Amino acid sequence: MTDKVVIITGGSRGIGRATALAAAARGYRVCVGYASNEAAAQSVVSAIEAKNGKAIAVKCDVGSEKDILALFKAADAFGTLRALVNNAGIVGTTSRVDEMSSERIQRMMAVNVTGSILCAREAVKRMSTRHGGKGGVIVNLSSVAAKLGSPNTYVDYAASKGAIDSFTVGLGHEVAGEGIRVAAIRPGLIDTEIHASGGEPDRAHRLSHMVPMKRVGTAHEIANAIIWLMSDDASYVTSAILDVSGGR
Ligand code: NAP
């Protein structure tokens, strides 16, 4: 049994949940972050423990630095941090930019951008050989929205994911000589509850005709790519952004 830990923010549902289960199957101790749905997070922990894996659920709104520090403290007590999946993310309801409130835009950036950067800061402090760490991997969740811009839907979300792309490239270069690889996945239309949180549960299926592969993707298909990036099979991959989008 190894003591290598992965922190997955928003690990309780959707892509985060699928990644948590897949990471546990590969021997990681999984620190499952969640914002509010404790039952969903506990069900991930139970599913991992049922297969003799190790997991803990930690409440952490990545829009709060205090919560992030508590998440990493809990992970420190659980083993040696070797990977971070910056997965937690939110969308807003369909709006034009000229209809958006300042509060909405600030929350979008606080969760999707600042939260990811603060989590990465804490991970680098622990994993970088510069700080006595053993190295590791950071995988950020971007979106094809970063390329498309999502006009008339959620340009603020798209812009937050554009920031994640830049952050991935820059941080990857910054820590490339310190044993840390940094990469991002840009999912396309994936069948999760995020679309319901944006007010349109059927959004992914409604738009599936626009995907070259003519179907939505599954959380499992995104988790597979994340797990590959975390693995030694991706040992020469850093500052890279991988579209997992059926060609979209
Ligand atoms: P989801 O099904 O809505 O699940 C979101 C997860 O993040 C839940 O575990 C939720 O916790 C957690 N969360 C929400 N707000 C949070 C916050 N402020 N702090 C910490 N955790 C928070 O989302 P998903 O579809 O799996 O998306 C995961 C990531 O992939 C996001 O970054 C998203 O932008 C990106 N992505 C998704 C798609 C897609 O089509 N699904 C496409 C492109 C990119 P609770 O259960 O406690 O609420």
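For the structure, check the block above.
Note that this is a predicted model, so its numbers are computed, not measured. (Residues numbered from 1 in each chain as written. Predicted model: local features only at pLDDT ≥ 70, side-chain atom pairs only at ≥ 80, totals over all residues. Heavy atoms only, no water.)

Considerations on the sheet that holds strand β7 (residues 240-244)
The cut-off we apply is this: Each pair of strands is called paired provided DSSP finds at least two bridges between the two strands. Numbering of helices and strands runs from the N terminus, with a helix taken as a DSSP run of H or I at least four residues long and a strand as a DSSP run of E at least two residues long. Throughout, an axis means a line fitted to C-alpha atoms (over the contacting stretch in the case of helices), and angles, computed between N-to-C directions, take values from 0 to 180 degrees. Contact definition: two residues touch when any of their heavy atoms are within 4.5 Å.
Pairing is parallel across the open sheet formed by 7 strands, whose spatial order is β3-β2-β1-β4-β5-β6-β7. This sheet does not close on itself; its edge strands, each paired only once, are β3 (55-59) and β7. Adjacent strand axes in the sheet meet at a mean angle of 20° when their direction is disregarded. Helix α6 (residues 155-175) contacts β5 (136-141), β6 (180-187) and β7 of the sheet and is inclined by roughly 160° relative to β6.

Points about helix α9 (residues 219-230)
So the rule is basically this: To estimate how far a helix should extend, the number of its residues minus one is multiplied by 1.5 Å. Residue burial is assigned from relative accessible area. The probe radius is 1.4 Å, only protein chains are included, and a residue is buried under 20% of its type maximum, exposed over 50%, and partly exposed in between.
With 12 residues, α9 extends 16 Å from end C-alpha to end C-alpha; this agrees with the ideal 16 Å at 1.5 Å per step. If you check which residues of α9 are buried, you get Ala 219, Ile 222, Ala 223, Ala 225, Ile 226, Ile 227, Leu 229 and Met 230. Looking at the buried side of α9, the elements it contacts are β1 (4-8), α1 (14-25), β4 (80-86), β5, β6 and β7.

Focus on the environment of Lys 54
Position of Lys 54 among the secondary structure elements: in the loop between α2 (38-50) and β3. Along the backbone, Lys 54 and Ala 23 are 31 residues apart, and their C-alpha atoms lie at a distance of 10 Å.

Description of the nonpolar core
Inclusion rule: Here, nonpolar core refers to any group of buried Ala, Val, Leu, Ile, Met, Phe, Trp, Tyr and Cys residues whose side-chain atoms link them within 4.5 Å.
Core analysis: the biggest nonpolar cluster contains 34 residues, and Val 6, Val 30, Ile 185, Ile 222, Ile 226 and Met 230 have the highest contact counts within it. Among the elements of the structure, β1, α1, β2 (29-34), α2, β4, β5, β6 and α9 are those that each provide at least two residues to this core. With 8 residues, α9 is the single largest residue contributor to this core. Aside from chain neighbours lying at most four places away, what touches Val 30 is Val 6, Ile 8, Ala 20, Ala 23, Ala 24, Ile 48, Lys 54, Ala 55, Ile 56 and Phe 78. Counting residues in hydrophobic clusters, the runner-up holds 27 residues, among them Val 62, Phe 78, Ala 88 and Met 127.

Comments concerning the packing of helix α3 (residues 65-76) against helix α4 (residues 102-127)
Each pair of packed helices gets described by two things: the angle between the helix axes and the distance between those axes. For clarity, the threshold we go by: In this scheme the handedness of a crossing depends on how the near helix is turned from the far one: anticlockwise by less than a right angle means left-handed, clockwise means right-handed. Throughout, the ten residues Ala, Val, Leu, Ile, Met, Phe, Trp, Tyr, Cys and Pro are labelled nonpolar, Asp, Glu, Lys and Arg are labelled charged, and all others, Gly among them, are labelled polar.
One way to put it is that α3 packs onto α4 with a least axis distance of 10 Å and a crossing angle of 35°. Of the two elements, α3 crosses α4, and the hand of that crossing is right-handed. For the pair α3 and α4, the contacting residues are Glu 65, Ile 68, Leu 69, Phe 72, Lys 73 and Asp 76 in the first and Gly 115, Leu 118, Cys 119, Arg 121, Glu 122, Ala 123 and Arg 126 in the second. Its residues assigned to classes, the contact of α3 with α4 comprises 6 nonpolar, 1 polar and 6 charged.

Describing the packing of α1 against α2
Cut-off, in case you're wondering: The labels follow the angle: roughly parallel below 35 degrees, roughly antiparallel above 145, roughly perpendicular from 65 to 115, and oblique for the rest.
Contact geometry for α1 and α2: axes closest at 10 Å, N-to-C directions at 20°. With respect to α2, the element α1 is oriented roughly parallel. Crossing angle aside, the handedness with which α1 passes α2 is right-handed. Together, Arg 17, Ala 20, Leu 21 and Ala 24 of α1 and Ala 40, Ser 43, Val 44, Ala 47 and Ile 48 of α2 make up the contact between the two elements. Residues that form the contact of α1 with α2 fall into these classes: 7 nonpolar, 1 polar and 1 charged.

Concerning the pattern of salt bridges
Inclusion rule: Within this document, salt bridges are pairs made up of a side-chain nitrogen of Lys or Arg and a carboxyl oxygen of Asp or Glu, the two lying within 4 Å of each other.
For the coordinates displayed, the defined rule picks out 14 salt bridges. Arg 104 is paired through a salt bridge with Asp 156; the nearest N and O atoms lie 2.8 Å apart. Placement of the pair is Arg 104 in helix α4 and Asp 156 in helix α6, with a sequence separation of 52 residues. With respect to class, Arg 104 is no different from Asp 156; both count as buried.

Digging into the site of the ligand
The line we're drawing: If a single non-hydrogen atom of a residue is within 4 Å of a molecule or strand, that residue counts as near it. We call two N or O atoms a polar contact when they sit within 3.5 Å, provided that within protein one can donate a hydrogen and the other can accept it, with sequence-adjacent residues counted only if both atoms are side-chain atoms. The Shrake-Rupley method, run with a 1.4 Å probe sphere, supplies the accessible areas, and residue values consider only the shown protein chains as cover.
Taken together, 31 residues sit near the ligand, with Ser 12, Arg 13, Ser 36, Tyr 157 and Thr 192 positioned nearest. Between the ligand and Arg 13, the relevant distance is 2.7 Å, taken from an oxygen atom to a side-chain nitrogen or oxygen of the residue. Taking 900 Å² as the accessible area of the ligand by itself, protein coverage stands at 95%. Secondary structure elements with two or more residues in the shell around the ligand: α1, α4, α6 and α7 (194-197). Each residue belonging to the shell around the ligand can be placed in one class, and the counts come to 14 nonpolar, 12 polar and 5 charged.

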